[in-house]
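This is what each chain is made of:
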Amino acid sequence: MRSVPARARLYILCVALAGAACAAPALNARTPWPAVALLAVLCAGCEQSALPRGRTRGLGTFYPVLLAAVFLLPSAAAALVAVPGALLARVDRRPHGIRRLWRAARLAPASWAAAWVHGALGGPAAGAGPDFPHVLWPAGAAVLAFCAVLAVLDGGILATAERVPARAAWRGLFTRSLAPVAVHGLAGLMMAILWTSPYGPPAALLVLLPMGVSCWAFAQYHRERAAHQATIRALVQAVDLKDKYTRGHSERVGRASVMIARELGMDDERVEVLRFAGILHDVGKLGVPTRLLRKDGPLTPEERRVIELHPEYGHEMVRGIGFLGEARAAILHHHERIDGSGYPYGLAGRQIPECARVVAVADAFDAMTSTRSYRRARPVSAALEELARCAGAHFDPVMVAALTRALARDGWHPEVTSDVSRRAPEHAPDQGGNVPSARAAATPAGRGPAAP
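This is a predicted model, so every value here is computed, not measured. (Residues numbered from 1 in each chain as written. Predicted model: local features only at pLDDT ≥ 70, side-chain atom pairs only at ≥ 80, totals over all residues. Heavy atoms only, no water.)

## Description of helix H18 (residues 354-369)
This is how it is decided: Helix numbering and strand numbering both begin at the N terminus, where a helix is a DSSP run of H or I of at least 4 residues and a strand a DSSP run of E of at least 2. Residue count minus one, scaled by 1.5 Å, sets the expected span of a helix. Exposure categories follow from relative accessible area, calculated using a 1.4 Å probe and restricted to protein chains: below 20% of the type maximum is buried, above 50% is exposed, and the middle band is partly exposed.
Over its 16 residues, H18 runs 23 Å from end to end, which matches the ideal 22 Å to within 8%, given 1.5 Å per residue. With 15 of 16 residues buried, H18 is to be regarded as a mostly interior element.

## Here we look at the packing of aromatic side chains
The geometry of two aromatic rings is summed up by the distance between their centres and the angle between their planes. For clarity, the threshold we go by: Any two rings among Phe, Tyr and Trp, with Trp reduced to its six-membered ring, count as a pair given centres within 6.5 Å; such a pair is stacked if its planes are under 30 degrees apart, edge-to-face if over 60, and tilted if neither. In this scheme, Lys NZ or Arg CZ marks a charge over a ring once it lies within 6 Å of the ring centre and within 35 degrees of the ring normal.
Throughout the structure, instances matching the rule amount to three aromatic pairs. Between tyrosine 11 and tryptophan 102 the ring centres are 5.9 Å apart and the planes differ by 40°, which places this aromatic pair in the tilted class. On the criterion of sequence distance, the pair formed by tyrosine 11 in helix H1 (residues 6-23) and tryptophan 102 in helix H5 (residues 96-120) is long-range, its members being 91 residues apart. Tryptophan 102 matches tyrosine 11 in its accessibility class, with the two residues each being buried. The ring of tryptophan 412 is capped by arginine 255, whose NZ or CZ atom sits 4.9 Å from the centre of that ring.

## A short note on empty space enclosed by the protein
What counts is decided by this rule: The definitions used throughout rest on a 1 Å grid laid over the protein atoms alone, on which a cavity is an enclosed set of points accommodating a 1.4 Å probe that cannot get out and a pocket is an open set flanked by protein within 12 Å on both sides along at least five of seven lines; lining residues are those having an atom within 4 Å of a point. Grid points are joined across faces, edges and corners, and a volume is the space filled by probe spheres set on the points. Any residue that is not Ala, Val, Leu, Ile, Met, Phe, Trp, Tyr, Cys, Pro, Asp, Glu, Lys or Arg is counted as polar, Gly included; the first ten are nonpolar and the last four charged.
The final tally for this structure, using the stated rule, is five cavities of 30 Å³ or more. Taken together, Val164, Ala168, Arg171, Arg176, Arg262, Met266, Asp267, Asp268 and Val271 form the lining of the largest cavity. Residue classes in the lining of the largest cavity are distributed as four nonpolar, no polar and five charged.

## A closer look at the pattern of salt bridges
The criterion, for reference: Any carboxyl oxygen of Asp or Glu within 4 Å of a side-chain nitrogen of Lys or Arg constitutes a salt bridge here.
All told, the structure shown has 16 salt bridges when counted by the stated rule. Among the salt bridges present, the one from aspartate 282 reaches lysine 285, with a minimum N-O distance of 3.5 Å. Assigned by exposure class, aspartate 282 and lysine 285 land together as buried. With its nearest N and O atoms 2.4 Å apart, the salt bridge here joins arginine 319 to glutamate 316. On the accessibility criterion, arginine 319 (45% relative accessible area) is partly exposed. Each of the salt bridges in this network shares a partner with another, and the network as a whole consists of Glu263, Arg405, Arg409 and Asp410.

Here you go:
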C-alpha cells in the first residue's frame, strides 16, 4: 500500500463511512462518556507504547482494552473507543493519513459487531454477576464476530490495495487471527469483570501488566525479524555491488516469485518465504571470484564450473538463518531443470523442490526482460513465449502458467539494471553470436546473454 490505488482509497472510504454509521448512535447523553473516554485513553496509550514499529496491520496491546470496551459498553459506544488511538498511532510508511484512517475504519465496525453479538446473547447480564461459565459463551461469540469482521475487511484491502487474487485474499485471515484475539479476549473479559466489581477500574488496569509483558516479547520478536531482514538487504547489496551486470535483479526475482506464489494460492507465510528465496537466490555469487562475474569474454569450461558452484555457496551462507525455511532449498536448487540437465545435483521433475521451481521461472523471466550491458531487455511477451517453449523440459509448466496469468492481470514494470553508457543495440547477439534465450538465462553468469 505504498502508493494506494484509487479503488483501495474508495474501499477505505466506504469502510470509514460504515464505521461512522456504527458509532453515530452513541452521540447522545445516554452514552457513558466517562467510561468511553477512559477506555479510549487506555487504548491509545497502549497503542503508542507497545505496538511494534512498522506494524500497520495486525495485533497490538490495545486489543484487550478494546475487547473490554466491547464487553462493557453499548455497541455504538464500543465503536468509538479505538478511533482516537488509531488516528494518533505511529505509522512508519506513507501515506500516513490514509493508513491511520484505515486502522480506525476497520476497528470501528468490528467492535460494533462484537458488542452487538455480546449484548444480543445476554453478555452484560452474565458478566455483572459474574455468572461462570455462562459469561464465556457470549464473550466467545463476540470474539468470533470481531475476528470475522476484521478478516473480511483485511481481505478486501489485500484485494484492492495489494492486488492479491480474490480467491487468496481472504484465505487464512480468520484462522490466523483467532487464537491471539481469543487470548486478548480473555484478558478483556477479566478487565470487564473487574471494572464492574467493587474494586472498580483501577483493579481492571492490573490485567494490562501481564499483557504488556507478552506484547513486549512480541515486539522483541519483530525487532529480531527486522534485524534478519536488514541482514538480507545487506547481502543483496553486496551481490549487486560485486556483479554490476545484474544490479536490482535479486529484488525483481523476489517480486516475480511472490506473483507466482500468490497466483498458486500459497498462504502468506509461504509467499514471504518465496520472496526471501527470490531475493537471496544469487547470494552465493559472493563466493565466486569477481573477475569471473565481470569477465567480458566467453568463459572457459573451468571458469564455468567455478560459477556453477554459486548455489552451493549460497546454501552454506544461509544455512543458519532459521526463518528462511524452504527458501534455503530454493537457493540451492534454482538452477535445476525439469529434464534433469541442471545443476548442482541434476534433479528432475518433482525431485526439485516447489520453491526452487518458482524461483527458476522468476529468475529466467527477469533475466530476459532486464537490460544488461551486453544486450537490451526483451519484451515481456517474448520472454513469456520463450518460457512457454521451454516449459516441461527446463521449467515447470505450472509455474510458467501462473506467472503468465499474474502478468496478464497486473503487468510488469522492470527497472534498468546496467550502466546506460554500455548498452548494446536491441536484440544484439551475445559474445557467441546467439540471440538470448531462456535456456541461456538460467545458465550461470558465463556471460550467456541473459545470465542472471
